[in-house]
Each structure stands twice: as structure tokens, then as C-alpha cells.
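Coordinates in review
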Amino acid sequence: MTLPDFDRAPIEFGQPVPQKKSTEVLDALFHRRSAPAPTLGLPAPTEEEMDLLIKIGFRVPDHGKLGPWRIVRFTPDSKTKLVEKLKTLAESRYDRKAAGALQKLSIPPEALLVISSPVFPYKKPLWEQQLSAAAVCQTLLIAAGALGYGANWITDWYSYDDEAKALLGLTEGENVAGWIFLGTPTEAPLERERPDYESRVSWWEG
């Protein structure tokens, strides 16, 4: 797929960044919908598109300019090997449900692992650093949609299991912010029920 024609000229540090009105962005955000991981197939984003997605993903709020996150990529072969190792781990515990959950990891043709990697000692609050990693996940979803791909942000058991985290190479203090699965949906995702506006928005009156 050819990259969309838009201004990709780098802006030098300290230079003004123009704010641009875009009805296309508003439309995409208003109708944003994750695509179920099992429906994601080929074609996957190209290397050029993946590079663009990650660069966009890094342009998130980051209090203190710490970059408290990192991204792990996978080749088709390495992702298959990971699934097999996680399956072996699940089966060693006779956990059929955990083994079955690996379908979400095995089917999509492309995956990014976003890791919350806080900077110690905490120059900025830990919670804010973790939120910045979550912002990377959300931005990747939005950018993938803008390129015409489906995307899904999940965690699942292998994001929290200590042995699985060690297998993924996480170090002390790191946690999985999310797996971002990417591909072309084999079927359009259906709209889901959305939160009630009135029950979640209030005015502070002093």
C-alpha cells in the first residue's frame, strides 16, 4: 500500500508546530472501532507503514520528556515461536483456556508489544509514566485506522504472568501496556454499545 500523501517534513526542535483543523480526523475518531483480533488477516502494514506507525506512536504526551516506554517487534517466524513457547507454558499447567487464548496472538499477521518502562528514580509520577505508555497504544490504533488497517489493543494472561513476562524480556519495573495487533479485517467490525454520556460527564460546582 502506498503511504498517504501528507506533510512528513520534520519540524526542528523548538520550532512552532501548526495546529490544523481536519474533518477527516474528527470523522475517524468519532467512528473509531477496534477490529477483533481473529478477523485480522493479510495484507499487513508494509515496513514503511510500520515505521510510520511507530513514529506517530511516539508523539504522545510525555511529562518530563522521559520516553517511559519501548516497543518490541516480531517477524512472522519469531511470533510463531513465541506462541509455541507460551502454549507450552500454558499446557504445562494444564490450562486449556490460556492455551486457547493464544489464538488472538497467532492469527493477526502483525503485532507490536508496547512495554511500559518507567524511568527510575521517579522524576515524574509513576502513574503519569504508565499513562504515557497507554497513550502510545491508543495512538497506534488511531494511526493504523488512518492507514486503512484494522487494529486491536489487548493484554491477556501472557501480559501479566511472571514466566511469560520473563520470556518476553521484560525487566524489573516493566509491564505490558498492550499488544497491538494489526492487519486487514476479513469482515467489518460491528458497532458496540457506548458509554452513556450523561452518567459520565459532570460539572464541578464548588
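Source: prediction; values computed, not measured. (Residues numbered from 1 in each chain as written. Predicted model: local features only at pLDDT ≥ 70, side-chain atom pairs only at ≥ 80, totals over all residues. Heavy atoms only, no water.)

A look at the nonpolar core
Let me state the cut-off plainly: Nonpolar cores are built from buried Ala, Val, Leu, Ile, Met, Phe, Trp, Tyr and Cys residues. Side-chain atoms within 4.5 Å join them into one set. Throughout this description, buried means an accessible area under 20% of the type-specific maximum (1.4 Å probe, protein chains only), exposed means over 50%, and partly exposed covers the range between. Elements are defined by DSSP. Helices are runs of H or I of four residues or more, strands are runs of E of two residues or more, and each kind is numbered from the N terminus. Contacts between residues were defined by any pair of non-hydrogen atoms, one from each residue, lying within 4.5 Å.
By size, the foremost hydrophobic cluster in this structure holds 27 residues, and its most contacted members are Leu86, Leu105, Leu113, Trp157, Tyr158, Trp179 and Phe181. Every element with two or more residues in this core is listed here: helix 3 (76-92), helix 4 (96-100), strand 3 (110-116) and strand 5 (175-185). Residue contributions to this core peak at 5 residues, all from helix 3. For Leu86, the residues in contact, after removing those within four places along its chain, are Leu102, Leu105, Trp157, Tyr158, Ala164 and Leu167. If you look at the next biggest cluster of nonpolar residues, it comprises 23 residues, including Leu112, Tyr149, Ile180 and Leu182.

Some words on the UniProt feature "domain: Nitroreductase" (unreviewed entry) in the chain
Defined as follows: UniProt positions are given in the numbering used here, feature names are shortened, and annotations may be inferred rather than shown by experiment.
Residues given the UniProt feature "domain: Nitroreductase" (unreviewed entry) here are residues 45-183. From the first C-alpha to the last, residues 45-183 spans 7 Å; its make-up is 46% helix and 19% strand.

A word on the pairing of strand 5
Spelled out, the test is: The pairing criterion is simple: DSSP has to find at least two bridges between the two strands.
Counting buried positions along strand 5 gives 8 out of 11 residues, so the element sits mostly inside the fold. Across 2 bridges, strand 1 (residues 40-41) lies against strand 5 in antiparallel orientation. Considered in strand 5, the bridge of Leu40 is made with Pro185. Where strand 3 and strand 5 come together, 7 bridges link them in antiparallel fashion. Among the inter-strand pairings, Ser116 is bridged to a residue of strand 5, identified as Asn175. Judged from the 5 bridges that link them, strand 4 (residues 150-154) and strand 5 form a sheet pairing that is antiparallel. Within strand 5, the residue paired with Asn152 across the bridge is Phe181.

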